[in-house]
Amino acid sequence: MKPVPAVAPGSPAAPPGGAGTVSGRPVPGRRTNLALLGLLAVALVSGGLAFAAGTGWGGPVVAVHGVTGLGVVVLSPWKSAVARRGVRRRGAGRAWASLVLAALVVLTVASGVAHSLGIRTLAPGVSAMQVHVGAALAAVPLAGWHVRVRPVRPRAADVSRRSLLRVGTLVAGAGAAYAGLEATMAVAGLGGAERRRTGSHEQGTDQPSAMPVTQWLFDGVPAVDASTWRLSVVAAGSRRTWTYDELSGADQRLRATIDCTGGWYATQDWSGVSLDRLLPPGASGRSVVVRSRTGYSRRFPLADAPRLLLATRVGGAPLSSGHGFPARLVAPGRRGFWWVKWVDRVEVQDTPWWWQSPFPPR
Ligand code: HEM
Ligand SMILES: Nc1nc2c(c(=O)[nH]1)N[C@H]1C(S)=C(S)[C@@H](COP(=O)(O)O)O[C@H]1N2
Ligand SMILES: [Mo]
């Protein structure tokens, strides 16, 4: 056993500003840990909601996400003091899993800020947003374990006026960091200033070929032969099929913005036919499933059918294979993963629209 130097916390021998103190003051570990846990939980939930949100409530959710995420940075001097104290007591060998957790949280925050600043690609084919979400999700089981072995116990006294003031100070600090970052981006003319309220950056508006070809997870681009392709519309116990020529004659136009959770958006002029016009008159049910020939699908409220466009053209020209030829859904106000590509089937069902995985499983 190695002799451990006996330095009592707070004793004159403890270095000012060293482990266990911030600005020479001892750090109350329990409250720091509790605050960090709260921030991480809110950041995780708001991040997930930001992915699900369209344009309506997306703005406030993304702002809450940014503020809590930066709150982690504001709290980090205190947390690192607590952590260094723990490592000193127990030794780094027993803290490795906690150190991996810390590294993942640092990576999550750094890649989130990088994305916001407009640094969107971290390595060839690896976006900042992919790293951001990947690191955050990888941190979840480790954080669960961390809290299990070192439980943070809230106490009744935690809801005192004093601690409310502390939380207020923390939120104000995080809010200032958020506002400061936004202002810096605007002043420095950095890419992040033109972000949409979902946090996405503009890419390829009115230039469909400049718009990224994006798959949710595992889909590949199928080669579809327009002459043999058929769209099946199933409703009210009947099935009707449409050929490409029948469908591409339709010319309902819609200018709409696709906003991918990968962090980009583009506004285009789409044309095609709205789903309600494809359905037989009087088709009843609760939801309409729009399915890709790849098997990818999303379910929508039937009442939305008039506002969902099955597009065959974008910017006046037929869709490219990557963007969904021969037909893809245009779902205004919804995130990109709802915009099903290579559609070959539309079916009205009695199942409620929310009876599906919140994010596509494939
Ligand atoms: C505990 C986990 C997380 C932390 C600590 C965190 C932290 C952050 C931070 C600091 C930013 C930069 C904010 C800014 O500069 O304005 C950010 C941005 C972002 N994060 Fe997270 N995040 C977490 C999890 C997630 C998850 C799970 C998702 C999605 C599923 C997500 C989605 C986003 C998005 C879309 C942005 C861009 C927002 C913008 O540009 O304003 N985050 N995050
Ligand atoms: N069949 C199918 N449709 C899909 C996807 C997919 O993986 N498979 N990805 C969705 C996602 S996440 C986005 S952002 C848009 C991207 O459309 P684009 O490739 O035309 O830009 O398509 C959506 N439609
Ligand atoms: Mo996407």
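Residues numbered from 1 in each chain as written. Chains lettered and ligands numbered in written order. Predicted model: local features only at pLDDT ≥ 70, side-chain atom pairs only at ≥ 80, totals over all residues. Heavy atoms only, no water.

1. Overview of a nonpolar patch on the surface
Here is the rule: Within the patch definition used here, like charges are joined within 9 Å and nonpolar side chains (Val, Leu, Ile, Met, Phe, Trp, Tyr) within 5 Å, considering only residues with over 30% relative accessible area and no salt bridge. Where accessible areas are quoted, they stem from the Shrake-Rupley method and a 1.4 Å probe; at the residue level, only the protein chains shown are allowed to cover. Any carboxyl oxygen of Asp or Glu that lies within 4 Å of a side-chain nitrogen of Lys or Arg is treated as forming a salt bridge with it. The secondary structure listing takes helices from DSSP runs of H or I that are at least 4 residues long and strands from runs of E that are at least 2 residues long, numbered from the N terminus.
The grouping of L44, L137 and V140 at the surface amounts to a nonpolar patch, some 250 Å² of accessible area in total. Of note, V140 is situated in helix α4 (residues 128-149).

2. Side note on the site of ligand 1
Threshold: We call a residue near a molecule or strand as soon as one heavy atom of that residue lies within 4 Å of the molecule or strand. What qualifies as a polar contact is a pair of N or O atoms within 3.5 Å, subject to a donor-acceptor requirement within protein and to the restriction that residues adjacent in sequence count only when both atoms come from side chains. Polarity classes work like this: nonpolar for Ala, Val, Leu, Ile, Met, Phe, Trp, Tyr, Cys and Pro, charged for Asp, Glu, Lys and Arg, and polar for all others, with Gly in that last group.
Of all residues adjacent to ligand 1, which total 25 residues, the nearest are H65, S116, H132, L181 and R195. S116 is positioned such that a nitrogen or oxygen atom in its side chain is 3.0 Å from an oxygen atom of ligand 1. Elements that contribute at least two residues to the shell around ligand 1 include exactly α1 (29-52), α2 (58-90), α3 (96-117), α4 and α5 (161-188). Within the shell around ligand 1, the residues separate by chemical class into 13 nonpolar, eleven polar and one charged.

3. Things to note about the site of ligand 2
What surrounds ligand 2 is a group of 22 residues, the closest being P212, T214, D219, H323 and K341. Contact between ligand 2 and W216: an oxygen atom at 2.8 Å from a main-chain N or O atom of the residue. A distance of 2.9 Å separates an oxygen atom of ligand 2 from a polar atom in the side chain of R328. When isolated, ligand 2 has an accessible area of 530 Å², and the protein chains bury 100% of it. Looking at the shell around ligand 2, its residues break down into twelve nonpolar, seven polar and three charged.

4. Looking at α2
The α-helix winds at 3.6 residues per turn, so residues separated by three or four positions along the chain end up facing the same way. Put simply, the rule is: What the bend at a residue measures is the angle between two axes, fitted to the seven residues ending there and to the seven starting there.
When the local axis directions of α2 are compared, the greatest deviation, roughly 55 degrees, occurs at S76, which is followed within four positions by the proline P77. A positive backbone phi angle near 90 degrees is found at G91, which sits one or two residues after α2.

5. Focus: the coordination of the iron atom of ligand 1
Quick note on the threshold: The rule for donors is simple: an N, O or S atom within 2.8 Å of the metal counts, and for Na, K and Ca the reach is 3.2 Å. Water is not among the atoms, so a site may look short of donors. In this scheme the shape depends on donor count and angles: four donors with every angle between 85 and 135 degrees give tetrahedral, four or six donors with opposite pairs above 155 degrees and others between 65 and 115 give square planar or octahedral in turn, and any other case is irregular.
Distances from the iron atom of ligand 1 to its protein donors, namely H65 (NE2) and H132 (NE2), fall within the range 1.9 Å. Geometry at the iron atom of ligand 1 is octahedral, judged from the six donor atoms that bind it and their angles of 85 to 179 degrees at the metal. In this pair, H65 is assigned in helix α2 and H132 in helix α4, connecting sequence segments 67 residues apart.

6. Overview of unusual backbone geometry
Here the amide bond leading from F325 into P326 is cis, since omega sits at 5 degrees, within 30 degrees of zero. By the element assignment, P326 lies in the loop between β13 (317-318) and β14 (328-330). Residue A236 is not a glycine yet carries a positive backbone phi of 50 degrees.

7. What about the nonpolar core?
Just so we agree on the cut-off: Here, nonpolar core refers to any group of buried Ala, Val, Leu, Ile, Met, Phe, Trp, Tyr and Cys residues whose side-chain atoms link them within 4.5 Å. Relative accessibility thresholds used throughout: buried, under 20% of the residue-type maximum; exposed, over 50%; partly exposed, between the two (1.4 Å probe, protein chains only). Whether two residues touch is decided by their heavy atoms; if any such pair falls within 4.5 Å, the residues are in contact.
Counting residues in hydrophobic clusters, the biggest one holds 44 residues, and the most contacted among them are L231, L247, W270, L275, L278, L279 and L310. For L278, the contacting residues outside a window of four places in its chain are L231, V233, W242, L247, V273 and L310. One finds L104, V105, A135 and A139 within the second-largest nonpolar core, a separate group that totals eleven residues.

8. Considerations on α5
Heads up, the condition is: Residue count minus one, scaled by 1.5 Å, sets the expected span of a helix.
Given a rise of 1.5 Å per residue, 28 residues ought to cover 40 Å, and the 40 Å separating the end C-alpha atoms of α5 matches this to within 8%. Taken together, the buried positions of α5 are occupied by S163, L170, A174, Y178 and M185.

9. So, the environment of T21
Of note, T21 is situated in strand β1 (residues 21-22). Take T21: its relative accessible area is 11%, and that puts it in the buried class. A C-alpha to C-alpha distance of 31 Å links T21 and A63, two positions 42 residues apart in sequence.

10. What to know about the environment of H323
For H323, the location among the structural elements is in the loop between β13 and β14. Judged by relative accessible area, which is 6%, H323 ranks as buried. For H323 and K341, which are 18 residues apart along the polypeptide, the C-alpha to C-alpha distance reads 6.8 Å. Apart from residues no more than four positions distant in its own chain, H323 is found in contact with P208, M211, P212, V213, R328 and K341. Polar side-chain contacts of H323 include one of 3.1 Å to the backbone oxygen of P208. At 3.2 Å, the side chain of H323 forms a polar contact with the backbone oxygen of M211.

Interpretation in functional terms is not warranted from these geometric data alone.
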